[in-house]
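Chains, contacts and geometry: an overview
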Number of protein chains: 2
Amino acid sequence: MTRLEAGTRRDQLVTVGAELARRIPFDQIGADAVAQAAGVSRALVFHYFPTTRDLQVAILRSAAVDLVARIDLDPTASPADRLLLGIDGFVATIEEYPASYLALARSGGSDPVLLGVFEEIRAAVISLITDAVGIGELPPGIRLAVRGWIALVEECVLHWLEDRSVPRDQLIAYLQCAAIALLPPAISMAEGSLRPKTLIPGLIRIGTT
Amino acid sequence: MTRLEAGTRRDQLVTVGAELARRIPFDQIGADAVAQAAGVSRALVFHYFPTTRDLQVAILRSAAVDLVARIDLDPTASPADRLLLGIDGFVATIEEYPASYLALARSGGSDPVLLGVFEEIRAAVISLITDAVGIGELPPGIRLAVRGWIALVEECVLHWLEDRSVPRDQLIAYLQCAAIALLPPAISMAEGSLRPKTLIPGLIRIGTT
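Okay, the overall build of chain A next. From N to C terminus, chain A includes ten helices and zero strands. Starting at the N terminus and walking to the C terminus, you meet the elements of chain A as α-α-α-α-α-α-α-α-α-α. The dimensions of chain A, computed from C-alpha atoms along their principal axes, are 65 × 40 × 35 Å. Taken across its 209 residues, chain A has 52% of its residues classed as buried. For chain A, the share of sequence-separated contacts (at least 6 apart) that also reach a separation of at least 24 residues comes to 63%. Accessible area for chain A stands at about 9,500 Å²; split by element, carbon and sulfur atoms hold 56% of it. For chain A, the separation between the mean place of its 19 positive charges and that of its 24 negative charges on side chains is 3 Å.

Encoded structure:
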């Protein structure tokens, strides 16, 4: 162990913790594991993170910052490519932290702090979209639709991680095509002019695949 | 209080509890409230439900059975109408139990029993769809897409309950049109032939609404 500035030392412990979160669900990571992996004393970990929960939330926030950074790698790409790249970055990050993502998805709803981290990620996705569209704020109907699409993405990725029932490139393409397919009805809903459909084209094909 | 058969008495207490769950989050309902509303002793409630949790889970299951019954009211309707009616029944039931639904959505992920109730509802939606399509089991890619759509529905309804930012008929129409719009890319994903889109039509319109 070498002497480090307080901020640097704290960052180092979080980085070590985030590394552990790739293999261990974040809510099972304790000061012991971080101290051992960082080669420091348990007391030092407790100095920066008075409770195990402080440590876990810091690890989660660090992973969330990593995730958000990876969903908008090329702001100069076309909106369709930016969307595709963003989804790819999202899935890639989740693939690196599968156990922790699963743990977060399971307990995130009931815990205000974890919900806050999730909301930070969702807010980043929404601002990426408003930025791509070039407007300051999404109309309420579009915002509702975007929230729905984000939930669809989270759920599909969670289930896909379980059994990888379709090839990765097909999942990514589906999540992008889903966003684009949902746009026309979302715009109509926001305008108040949407009518239900009376026919479902392609229904027969499902039974024959 | 009149003498009732054991099964009938238990059902009555659950019915009374489900009635309370329309106003009070289900996880805040206790034996006292049910006993008072049913005009029976607290001891009698505990006789049928040894713990508060047994009572709450029974109330939730009862509401779930109610919900499932209301998402397929007319199996003779066309698939598109059946979908629309099903979504309407879903939203109508949630509108009757807003506080309990919110409590379930928040804590459902982390609690295996609550997750089980949620999964029963989702399984009912999936079997309604396989039934409408006329096949025994959905191909994995379609199943993944259906799970994603269910998450989209749950999320949109939750957010809509907060501020009702669009008219109710527009929300219902959107959730139906979303399912139909997602079908072609879902079928292509299941077949492994989906390609990402390169253009996002209608993007400019968002900024102008």
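Text resumes after the structure shown.
With that out of the way, let us pick up the packing of aromatic side chains. Following the criterion strictly, the structure yields four aromatic pairs over all chains and no others. When the centroid spacing of 6.4 Å and the interplanar angle of 90° are considered together, the rings of Phe90(A) and Tyr101(A) count as edge-to-face. Of this pair, Phe90(A) sits in helix α5 (residues 79-96) while Tyr101(A) sits in helix α6 (residues 98-107), and the two are eleven residues apart along the sequence. For the pair formed by Phe90(A) and Tyr101(A), the shared burial category is buried. Residues Tyr101(B) and Phe118(B) carry aromatic rings whose centres are separated by 6.3 Å and whose planes lie at 75° to one another, so their mutual orientation is edge-to-face. Taken as a pair, Tyr101(B) in helix α6 (residues 98-107) and Phe118(B) in helix α7 (residues 112-133) lie far apart in primary sequence, 17 residues in all. Against the face of Phe118(A) rests Arg122(A), its NZ or CZ located 4.4 Å from the ring centre.

Our next topic: the side chain of Ser100(B). All names here are of chain B. Turning to its location among the elements, serine 100 is positioned in helix α6. Exposure remark for serine 100: the relative accessible area of 5% places this residue in the buried category. In this structure, serine 100 is in contact with Ala21, Ile24, Pro25 and Phe26, ignoring residues within four places of it in sequence.

To continue, consider the nonpolar core. Trp149(A), Tyr174(A), Trp149(B) and Tyr174(B) are the most contacted members of the largest nonpolar core, which totals 114 residues. Excluding residues within four positions of it along the chain, Trp149(B) makes contact with Leu152(A), Leu83(B), Ile87(B), Val125(B), Ile129(B), Leu175(B), Ala178(B), Ala179(B) and Leu182(B).

With 62 residues of chain B at the interface, the matching set in chain A holds 62 residues. Taking both partners together, chain B and chain A bury about 5,500 Å²; carbon and sulfur atoms supply 74% of that area. Broken down residue by residue, the surface that chain B buries against chain A is led by Leu144(B), Tyr174(B) and Ile206(B), which jointly contribute 12%. In this assembly, chain B and chain A are joined by two salt bridges. The salt bridge involving Glu155(A) is made with Arg147(B); its shortest N-O contact spans 3.3 Å. Where chain B packs against chain A, one counts twelve residue pairs in polar contact (both at pLDDT 80 or more). For the side of chain B that touches chain A, the elements supplying multiple residues, two or more each, are α5 (79-96), α6, α8 (140-163), α9 (168-191) and α10 (203-208) of chain B. Top element by residues in the side of chain B that touches chain A is α9(B). It accounts for 17 residues. When grouped by side-chain class, the residues that make up the side of chain B that touches chain A number 38 nonpolar, 17 polar and seven charged.

Residue and element names in this part refer to chain A. One non-glycine residue, arginine 164, adopts positive backbone phi at about 40°. Residue placement: arginine 164 occurs in the loop between α8 (140-163) and α9 (168-191). On the basis of relative accessibility, which here comes to 43%, the residue arginine 164 falls in the partly exposed class.

Below, the discussion takes up the packing of helix α4 (residues 52-70) of chain A against helix α7 (residues 112-133) of chain A. Helix packing geometry: the angle between the two helix axes and the distance between the axes. All names here are of chain A. Where α4 contacts α7, the axes come no closer than 10 Å and their chain directions differ by 10°. As far as their axial angle goes, α7 and α4 are roughly parallel. Two secondary-structure elements touch here, α4 through Arg53, Val57, Leu60, Arg61, Ala64, Leu67 and Val68 and α7 through Val113, Leu114, Val117, Glu120, Ile121 and Ala124.

What follows concerns the pattern of salt bridges. Evaluated as defined, the whole model comprises 30 salt bridges over all chains. Two residues, Glu95(A) and Arg168(A), come together in a salt bridge whose shortest N-O distance is 2.9 Å. Of this pair, Glu95(A) sits in helix α5 while Arg168(A) sits in helix α9, and the two are 73 residues apart along the sequence. We classify Glu95(A) as partly exposed; its relative accessible area is 24%. For Arg168(A), a relative accessible area of 27% puts it in the partly exposed group. The salt bridge involving Glu96(B) is made with Arg70(B); its shortest N-O contact spans 3.1 Å.

Basis of the calculations
Residues numbered from 1 in each chain as written. Chains lettered and ligands numbered in written order. Predicted model: local features only at pLDDT ≥ 70, side-chain atom pairs only at ≥ 80, totals over all residues. Heavy atoms only, no water. Helix = DSSP H or I, 4+ residues; strand = E, 2+ residues; numbered from the N terminus. Buried < 20%, exposed > 50% of the residue type's maximum accessible area, 1.4 Å probe, protein only. Contact = heavy atoms within 4.5 Å. Areas by Shrake-Rupley, 256 points an atom, 1.4 Å probe, with all protein chains shown as cover. Lys, Arg positive; Asp, Glu negative; His and termini not counted. Charge placed at Lys NZ, Arg CZ, Asp CG, Glu CD. Phe/Tyr/Trp six-rings, centres within 6.5 Å; stacked < 30°, edge-to-face > 60°. Lys NZ or Arg CZ within 6 Å of the ring centre and 35° of its normal. Core = buried A, V, L, I, M, F, W, Y, C linked by side-chain atoms within 4.5 Å. Buried area = accessible area lost by both parts, 1.4 Å probe. Salt bridge = Lys/Arg side-chain N within 4 Å of Asp/Glu carboxyl O. Polar contact = N/O pair within 3.5 Å; in protein donor to acceptor, adjacent residues only side chain to side chain. Nonpolar A, V, L, I, M, F, W, Y, C, P; charged D, E, K, R; others polar. Axes fitted to C-alpha atoms, helices over the stretch in contact; angles between N-to-C directions. Parallel < 35°, antiparallel > 145°, perpendicular 65-115°, else oblique.

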